[in-house]
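So the chains spell out like this:
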Amino acid sequence: MLITVTVTLLSLFLAVALAVSGQGSPAAVAHLAFAIGIVPLIFAAMIHFVPVLTRTGEPARWVGRLPWLAQAVGGLIVLSLQGILPYHAVFAGALLAALLTSALLVWIVGRARKCLGTPHPGWRWYVAALALLLAALAAVLLMPLLPAQWASWRLLHLHLNTLGLLGLAAFGTLPLLLPTALGQADPQAAPWLSRKLWPWLAGVLLVAVGAAFYWPLAVAGSAILLAIVLGLPLHWWRHFGRQRLVDGVATGLIAAVAGFSLSLVAGNLHAAGLLVARPALAVWAAGFLLPLVTSALAQLLPVWRWPGPKPPGRDAMRACLLVGAHWRAAAFLAAAVLILAGFNLLGAVLLCAALVGFGLQLLRALRIART
């Protein structure tokens, strides 16, 4: 897990640096962040949570290797998109990624079947997320077969990944992660996940198909997603109260929810022809992806480093990672707003400052002893 997290953070830092400097192919830079960084981290989070959701034992060793295998495949894709390797290696990478995704999907379904009693409904969100990732990879494999529809396959691939894979994985985990961070159970988390899965899937498919073929469908789909997303922090406010939600992890996760909502607005502006694609994607990354990743790691990384009975170092590491968490969340959101408004340089400065701040705290946290 620590290797996966380290490579993820390095890939995110490098992707931001390349994007700000204008270096590298845009497709390669995007996949540097997503294929090497985010997808393997999602795999690692699923491997961590599925045994809890299904009340089963620790995963087998081969399952634990899937995240860094995914990072190796992501590296192959990035090198191909950058032109270092032949371009057709992209399709080989997509096929390998589909095999790894299928292996994880089969493992999750198998764990759900072995569960004593009914598994927590969160596992279904993970299965749906991986199914949409497979659909996104299938769109890549269709590109050389139906080249006349290349742009449509690209848009399908993009939205099935950003709203499908990451959206389902994130919002399937947030109702569990935030109560865990606060140390207080939420009895409504499981019913919420059960009710919202199919509407979320419908929203994602409408957005993906609409973006590729008929944009009014995308507007309808984003409205469904926005209604689901905005209901979650309102539920947290009613259940936990304002005083509990000032925890650093909670603040970052709520900022991620706000950033996701902002990215849906930016996506509709792009669909209407009022905004080009790159700022819309940058708003999604700055406002949603980065506060989500940094906040989730502040909660999960100490557990991944020292699994089992909680040693004193775990709380110390969490506290270290949360130093400056509130200003980081604000900086990420402010950067997204500035990029959306056209102030790209100022937004990039805020973004880099927040990332560097988290990186420094991570280096300090890794020096904390177990006891």
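Fair warning: this is a prediction, and the values are worked out from it, not measured in the lab.

Draft legend 1. Structural detail: the pattern of salt bridges. In total, this model carries 2 salt bridges according to the counting rule given. Salt-bridge contacts for R318 lead to D247; the nearest nitrogen and oxygen are separated by 3.3 Å. Of the two residues, R318 is situated in helix α12 (residues 312-321) and D247 in the loop between α9 (215-240) and α10 (248-271); the sequence distance between them amounts to 71 residues. Of the two residues examined, R318 and D247, each falls in the buried class. With a shortest N-O distance of 3.4 Å, K310 and D315 are connected by a salt bridge. You can call K310 exposed: its relative accessible area is 52%.

Draft legend 2. Fine view of the nonpolar core. Counting 128 residues, the largest nonpolar core has F171 and W200 as its most contacted members. Non-local contacts of W200, meaning those with residues more than four positions away in its chain, are made with W125, L163, G167, L168, F171, L225, I228, V229 and F260.

Draft legend 3. Up close: the side chain of T54. Tracing the backbone through its elements, the reader meets T54 in helix α2 (residues 26-54). A distance of 2.7 Å separates a polar side-chain atom of T54 from the backbone oxygen of V50. What T54 contacts, discounting residues up to four positions off in sequence, is R111, A112, C115 and P119.

Draft legend 4. Up close: helix α4 (residues 66-81). Taking 1.5 Å per residue, 16 residues should reach 22 Å; α4 reaches 22 Å between its end C-alpha atoms and fits that length. Among the residues making up α4, those that are buried are L66, P67, A70, Q71, V73, G74, G75, I77, V78, S80 and L81. Among the structural elements, α1 (2-21), α2, α3 (61-64) and α5 (89-114) are those in contact with the buried residues of α4. G83 sits one or two positions beyond α4 and adopts a positive phi of about 90°.

Draft legend 5. Geometry of the packing of aromatic side chains. The final tally for this structure, using the stated rule, is 9 aromatic pairs. Relative to W200, the ring of W125 has its centre 6.0 Å away and its plane inclined at 55°; by these criteria the two rings are tilted. With W125 in helix α6 (residues 122-142) and W200 in helix α8 (residues 189-213), the pair connects residues that are 75 residues apart, well separated along the chain. Here W125 and W200 have matching classes, each one buried. Look at F171 and W200: their rings are 4.9 Å apart centre to centre, the planes differ by 35°, and that puts the pair in the tilted class. Of this pair, F171 sits in helix α7 (residues 150-182) while W200 sits in helix α8, and the two are 29 residues apart along the sequence. Residue F171 is classed as buried on the basis of its relative accessible area, which comes to 0%. Classification of W200 by relative accessible area gives buried; the value is 0%. Connected via pairs of aromatic rings, a cluster forms that spans W125, F171, W192, W200, F260, W284 and F288.

Thresholds applied
Residues numbered from 1 in each chain as written. Predicted model: local features only at pLDDT ≥ 70, side-chain atom pairs only at ≥ 80, totals over all residues. Heavy atoms only, no water. Salt bridge = Lys/Arg side-chain N within 4 Å of Asp/Glu carboxyl O. Helix = DSSP H or I, 4+ residues; strand = E, 2+ residues; numbered from the N terminus. Buried < 20%, exposed > 50% of the residue type's maximum accessible area, 1.4 Å probe, protein only. Core = buried A, V, L, I, M, F, W, Y, C linked by side-chain atoms within 4.5 Å. Contact = heavy atoms within 4.5 Å. Polar contact = N/O pair within 3.5 Å; in protein donor to acceptor, adjacent residues only side chain to side chain. Expected span 1.5 Å × (residues − 1). Phe/Tyr/Trp six-rings, centres within 6.5 Å; stacked < 30°, edge-to-face > 60°.

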